[in-house]
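Chain residues, written in single-letter form:
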Amino acid sequence: MRTTVGIIGAGPAGLLLARLLHNAGIDSVVLESRDRAYVEQRQRAGILEQGTVDVLRAAGAGERMDREGLRHDGIELRFGRRRHRVDFPALTGGRSVMVYAQTEVCKDLIALQLKEGGPLLFEAEALAVEGAESDRPAVRFRHGGREDVLECDYVVGCDGFWGVSRRAIPAESARVYERAYPFGWLGILADVAPSHDELVYARHERGFALLSMRSPSISRLYLQVPADTDAQTWSDEHIWDELERRLETDDDWTLRRGPVTQKSVTPMRSFVHEPMRHGRLFLAGDAAHIVPPTGAKGLNLAVGDVATLARALEHRLRTGSEELLDAYSDRCLRRVWQAERFSYDMTTMLHRAPDATAFEERLQLARLERIATCRAAEADLAEGYTGFPLD
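Residues numbered from 1 in each chain as written. Predicted model: local features only at pLDDT ≥ 70, side-chain atom pairs only at ≥ 80, totals over all residues. Heavy atoms only, no water.

> Account for the side chain of Thr-4, with residues named and values stated.
The topology assignment puts Thr-4 in the segment before strand 1 (5-8). Taking relative accessible area as the criterion, Thr-4 reaches 13% and is therefore assigned buried. With residues up to four places along the chain from it excluded, the contact list for Thr-4 reads Ile-26, Asp-27, Cys-152, Asp-153, Tyr-154 and Leu-317. (Helix = DSSP H or I, 4+ residues; strand = E, 2+ residues; numbered from the N terminus. Buried < 20%, exposed > 50% of the residue type's maximum accessible area, 1.4 Å probe, protein only. Contact = heavy atoms within 4.5 Å.)

> Account for helix 7 (residues 236-246), naming residues and giving values.
What helix 7 keeps buried is the set Ile-239, Trp-240, Glu-242, Leu-243 and Arg-246. Projected down its long axis, helix 7 shows its buried positions confined to an angular sector of 165°, all on one face. In the core, the buried residues of helix 7 are packed alongside strand 13 (175-190), strand 14 (199-203), strand 15 (209-215), strand 16 (218-226) and strand 17 (260-274). (Arc of directions from axis to C-beta.)

> Can you lay out the sheet that holds strand 11 (residues 146-151) for me, pointing to particular residues and giving the numbers?
Strand pairing in a sheet takes place through backbone hydrogen bonds and is either antiparallel or parallel in direction. Across the sheet, three strands lie side by side as 9-10-11; this open sheet has antiparallel pairing. In this open sheet, the two edge strands, each paired with only one partner strand, are strand 9 (124-130) and strand 11. If you compare each strand with its neighbour and ignore which way they point, the axes differ by 25° on average. Here strand 10 (residues 138-143) runs beside strand 11; their pairing, made up of six bridges, is antiparallel. Of the residues in strand 11, the one forming a bridge with Arg-140 is Val-149. (Pairing = 2+ DSSP bridges. Axes fitted to C-alpha atoms, helices over the stretch in contact; angles between N-to-C directions.)

> Could you give an account of the nonpolar core, naming the residues involved and the relevant values?
Counting residues in each nonpolar core, the largest one holds 73 residues, and the members touching the most others are Leu-16 and Leu-48. Top contributing element to this core by residue count: helix 8 (residues 298-319), with ten residues. With residues near it in sequence (within four places) discarded, Leu-48 still touches Val-53, Leu-56, Met-65, Val-97, Met-98, Tyr-100, Val-105, Leu-299 and Asn-300. Residues Leu-77, Val-99, Phe-208 and Phe-342 belong to the second largest nonpolar core, which totals 31 residues. (Core = buried A, V, L, I, M, F, W, Y, C linked by side-chain atoms within 4.5 Å.)

> With reference to specific residues and values, describe the pattern of salt bridges.
According to the stated counting rule, one finds 41 salt bridges in the structure shown. Two residues, Asp-153 and Arg-2, come together in a salt bridge whose shortest N-O distance is 2.6 Å. With a gap of 151 residues between them, Asp-153 in the loop between strand 11 and strand 12 (154-157) and Arg-2 in the segment before strand 1 connect regions that are remote in the sequence. The class for Arg-2 is partly exposed, based on a relative accessible area of 39%. The salt bridge partner of Lys-107 is Glu-104, with a shortest N-O separation of 3.3 Å. Of the two residues, Lys-107 and Glu-104 both sit in helix 6 (residues 102-116), three residues apart, roughly one turn of that helix. Residue classification places Glu-104 among the buried positions, given a relative accessible area of 18%. Residues joined by salt bridges that share partners form a network here, namely Glu-63, Arg-64, Arg-67, Glu-68, Glu-104, Lys-107 and Asp-108. (Salt bridge = Lys/Arg side-chain N within 4 Å of Asp/Glu carboxyl O.)

> Describe the packing of aromatic side chains, with residues and values.
Taken as a whole and judged by the stated rule, the model has 13 aromatic pairs. Residues Phe-282 and Tyr-328 carry aromatic rings whose centres are separated by 5.6 Å and whose planes lie at 80° to one another, so their mutual orientation is edge-to-face. With Phe-282 in strand 19 (residues 281-283) and Tyr-328 in helix 9 (residues 323-350), this residue pair connects regions lying 46 residues apart in the sequence. On the basis of an interplanar angle of 75° and a centroid distance of 6.5 Å, the ring pair of Phe-342 and Tyr-385 is categorised as edge-to-face. Taken as a pair, Phe-342 in helix 9 and Tyr-385 in helix 11 (residues 375-386) lie far apart in primary sequence, 43 residues in all. Like Phe-342, the residue Tyr-385 is buried in the burial classification. (Phe/Tyr/Trp six-rings, centres within 6.5 Å; stacked < 30°, edge-to-face > 60°.)

And the structure:
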């Protein structure tokens, strides 16, 4: 099998890259180790930055998002039983975010790929990337019970943190930066209308809590818990009670409760692999970087990566120039590190560390007070949350 661009992974990064390349007249093949049902059902991110929304629309993948997604013009910060709303459009010149789950983005892109795009092979496990430093790299993969080889001009690893792509880059050619956090998020999906019309980020002495949603009738909520927590040790009633404590306010706001349909623990880590290119192998999304979910940056960084790479590949095939491909890693990493910084700031401002001192806790409150009382500090948060420039 032969193609111009071999894409490993049919998450939002790989699927969007295939769509952008199709629109530019560039052929590709997408290999995905899981089946279609798994890709369309795995729960991940749900907040799309303004730039991500714009890219999906321009790619022809925004129709259902615009019809069913929930535009949000702000978030609410809670601390000391007080509430402070951050107004995105007023602070950013009109930018906002969209609540539209990653599962829905994948469904839309899969449908488009199968209808209009190149081959999309499910249950095709990539085994290795070979010849990345040559002008004819290849992906060895297993599909339908037998091994095969996909020959390419370029290979793009969109196969996540545990995929094979990054392992094809020699250790001596790379630098890795990472941080593991001593807590995670216990997350639930519940069949109940959200208790607030925008996301609520709560800093509480018992730990962080987040009120989010997937639709007008489905709530998504999170609690900070120790990193080694087993979700099944928390009863539904215990989860709702703890959410109520951490989200409490001095006014008459109340938390709506409903049937819990899904329960899991998400680990918290920061990770960056430099560079994001080796020869004709390019990394995108979680294969190159991980952020804690506090800043809602993971999916959006992946979109920025593939939008940048699609432009560079189109430029190369149209003009013969390698200039934009050579700049890919540096351009992406500038945005990645700003997102890492923003996510780290949000995480350390809102979560209670297990060994936190009284001094550190007062600093957290001082940072939140600064946002609530200083327009410049509030604008910095709003600009980071709604998204850094894609290029």
